[in-house]
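Residue-level structural notes
Each chain, letter by letter, is given below.
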Amino acid sequence: MTLKNLSILFVEDDPVFRHLVTSFLEARGAQVFEAKDGEAGLSYLEQYRFDMIIADLSMPNLGGLEMLKRISKGYPKVPSIVMSGSPVMSDVLDALRHGASDYLVKPISDLYLIENAIHECLNTDVEVSFQLDNAEDLSYLELQQHLHLLEQDKQAAKSVQQQLLPPSPVRYQHGLIEYSLFNNSPLSAHFIDTAMVDDKHIMIYMAQFHPQDNRVAFASVLLKSFVNFKLKRFRNQLSDTLIKPQDMLVYLNERMSQSGLDIYVDMAYIIVTLADRRASIAQAGSALRCYLRNDEGLTPIALPETLQLGVLNWGQPSVHERFLQGNERLCIATHAPEHRERLLNDEFHGLMFDDTILQGGYIQLGLK
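Note that the structure is predicted; figures quoted are calculated from it, not measured.

Moving on to the overall build of the chain. Scanning the chain for helices and strands turns up 10 helices and 17 strands. When each of the 368 residues of the chain is scored for burial, the buried share is 56%.

All right, on to the UniProt feature "modified residue: 4-aspartylphosphate" (unreviewed entry) in the chain then. Following the UniProt record, one finds the feature "modified residue: 4-aspartylphosphate" (unreviewed entry) at Asp56. Mapped onto the elements of the fold, Asp56 is located in strand S3 (residues 52-56). For Asp56, a relative accessible area of 5% gives the class buried.

Where helix H2 (residues 38-47) meets helix H3 (residues 64-74), the closest approach of the two axes is 9 Å, and the angle between their N-to-C directions is 20°. As the angle between them shows, H2 and H3 are arranged roughly parallel. Our pair here, H2 against H3, has a crossing hand that is right-handed. Together, Gly38, Glu39, Gly41, Leu42 and Leu45 of H2 and Met67, Arg70 and Ile71 of H3 make up the contact between the two elements. Residues of the contact of H2 with H3, tallied by class, amount to 4 nonpolar, 2 polar and 2 charged.

Before going further, it helps to spend a moment on helix H5 (residues 112-122). Within H5, 9 of the 11 residues are buried, leaving the element largely enclosed by the surrounding structure. Residues Leu113, Ile114, Glu115, Asn116, Ala117, Ile118, His119, Glu120 and Cys121 constitute the buried set of H5.

Soluble globular proteins tend to pack their nonpolar side chains together in the buried interior. Of all hydrophobic cores here, the largest spans 87 residues; its most connected members are Leu25, Ile54, Ile114, Ile118, Leu252 and Met267. Sorting elements by how many residues they give to this core places helix H8 (residues 215-235) first, with 12 residues. Contact partners of Met267, with chain neighbours within four places excluded, come to Tyr205, Met206, Ala207, Leu223, Leu249, Leu252, Ala282, Gln283, Ala284, Leu288 and Leu309. One finds Ala35, Leu42, Phe50 and Leu62 within the second-largest nonpolar core, a separate group that totals 14 residues.

Turning to unusual backbone geometry, a few remarks are in order. A cis amide bond links Ser168 to the next residue, Pro169, at an omega of 5°. Note on placement: Pro169 falls in the loop between helix H7 (154-164) and strand S6 (170-171). Phi at Asp346 takes a positive value of approximately 55°, unusual for a residue other than glycine. Note that Asp346 resides in the loop between helix H10 (337-344) and strand S16 (350-353). Residue class for Asp346 comes out partly exposed when judged on its relative accessible area of 45%.

Quick look at the environment of Ser280 now. Position of Ser280 among the secondary structure elements: in strand S11 (residues 278-284). The class for Ser280 is buried, based on a relative accessible area of 8%. Sequence separation of Ser280 and Lys244 is 36 residues, and the distance between their C-alpha atoms is 7.6 Å. Filtering out sequence-adjacent residues up to four positions away, Ser280 remains in contact with Pro245, Tyr269, Ile270, Ile271, His320 and Glu321. Only 3.1 Å separates the side chain of Ser280 from the side chain of Glu321, close enough to count as a polar contact.

The element strand S4 (residues 80-84) is largely enclosed, with a buried count of 5 among its 5 residues. Side chains of S4 alternate between two faces, with Ser80, Val82 and Ser84 and Ile81 and Met83 buried alike. As paired strands, S3 and S4 are joined by 4 bridges and run parallel to one another. Among the inter-strand pairings, Ile54 is bridged to a residue of S4, identified as Ile81. Alignment of S4 against strand S5 (residues 102-105), held across 4 bridges, turns out to be parallel. Across the sheet, the residue bridging to Ser84 is Val105, located in S5.

Attention shifts here to the packing of aromatic side chains. Following the criterion strictly, the structure yields 11 aromatic pairs and no others. Between Phe24 and Tyr112 the ring centres are 5.2 Å apart and the planes differ by 85°, which places this aromatic pair in the edge-to-face class. Taken as a pair, Phe24 in helix H1 (residues 15-27) and Tyr112 in helix H5 lie far apart in primary sequence, 88 residues in all. Ring centres 6.0 Å apart and planes at 75° place the aromatic pair Phe348 and Tyr362 in the edge-to-face group. Of this pair, Phe348 sits in the loop between H10 and S16 while Tyr362 sits in strand S17 (residues 360-367), placing them 14 residues apart in sequence. The class for Phe348 is buried, based on a relative accessible area of 16%. If you follow Lys230 out to its NZ or CZ, it ends over the ring of Tyr251, 4.6 Å from the centre. Over the face of the ring belonging to Phe182 we find Arg342, whose NZ or CZ atom lies 5.5 Å from the ring centre.

Here Leu176 shows up in strand S7 (residues 175-183). With relative accessibility at 21%, the residue Leu176 sits in the partly exposed group. Residues Leu176 and Arg329, 153 residues apart in the sequence, show an inter-C-alpha distance of 9.8 Å. Discounting residues that sit within four places of it in the chain, Leu176 has contacts with Pro169, Val170, Arg171, Gln364, Leu365 and Gly366.

Basis of the calculations
Residues numbered from 1 in each chain as written. Predicted model: local features only at pLDDT ≥ 70, side-chain atom pairs only at ≥ 80, totals over all residues. Heavy atoms only, no water. Helix = DSSP H or I, 4+ residues; strand = E, 2+ residues; numbered from the N terminus. Buried < 20%, exposed > 50% of the residue type's maximum accessible area, 1.4 Å probe, protein only. UniProt positions renumbered as here; feature names shortened; annotations may be inferred. Axes fitted to C-alpha atoms, helices over the stretch in contact; angles between N-to-C directions. Parallel < 35°, antiparallel > 145°, perpendicular 65-115°, else oblique. Left-handed = near helix turned anticlockwise from the far one by under 90°. Contact = heavy atoms within 4.5 Å. Nonpolar A, V, L, I, M, F, W, Y, C, P; charged D, E, K, R; others polar. Core = buried A, V, L, I, M, F, W, Y, C linked by side-chain atoms within 4.5 Å. Polar contact = N/O pair within 3.5 Å; in protein donor to acceptor, adjacent residues only side chain to side chain. Pairing = 2+ DSSP bridges. Phe/Tyr/Trp six-rings, centres within 6.5 Å; stacked < 30°, edge-to-face > 60°. Lys NZ or Arg CZ within 6 Å of the ring centre and 35° of its normal.

Encoded structure:
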């Protein structure tokens, strides 16, 4: 598969690398506009329409990150890939936070990695993406560059996780999200996130990673980036995978199992359609449980156990659909009775570090 008929803006201050990548992309069929810095890149964006933007993060005059911020405001529908030789994990977080669809680490050993990233960003179905012979995809390259840093510096890994977690509460126009995660070590094996997908859907999910070591911080980055990728595609009307929990977990399993991270994930993923209050739930693994909450307490939602995400021969998640009645709320929680008791007592604190509380937690979604 080539890049025929694609118009790409490539922003890179290194003339040798810029020429090398441009020649490769043009040989693959793309039309490439070269810019030596962010200012020149923004000037091109004002004059032409592009299918894709590829930009280095570290450039003179206007760096790639600042350029990315402006692109996300002025040209939100144009997907972007950023590249950097920096070993600083905050660069990955900032790029994802400001709308990057993918992140590649320099030096890039194979230019086909760039083509693969372009197809990942533009193709509706993940199966259509270019397949690498050595299976070195985005996450594997990131791992090689950053995992050593996280293994040596637990404080850096802890900071990464804290920056990714949402506040508690999160108030949407039609919903309220509240959670608590209790942790008694520098890193949390649990991750929680939520999004107002559009004016019709709310998403929440909770994940638990195994084993619990410094890789969980990197797994949190990967999981959020994979979800963000599908969120952006949904908002650009390119894919509806994000609002189909079963398909979403199939996609996440494929990505996690190919990440090279050797980590496994229990996960519960929920989409609520606001018009009819329909909750669509998919679950992998057995470490988490979904509940309905009302004035009488918590009622478990019966979902069969399945394999965790990250297994090559995985199969399918457990799925369930129901309509929320009255003041019913949806909850995801770890199994500890102490956590359920705190949930029923409305103890919502966000992320807490407390040696006296068993690790784990819960998230609750209530509709207005």
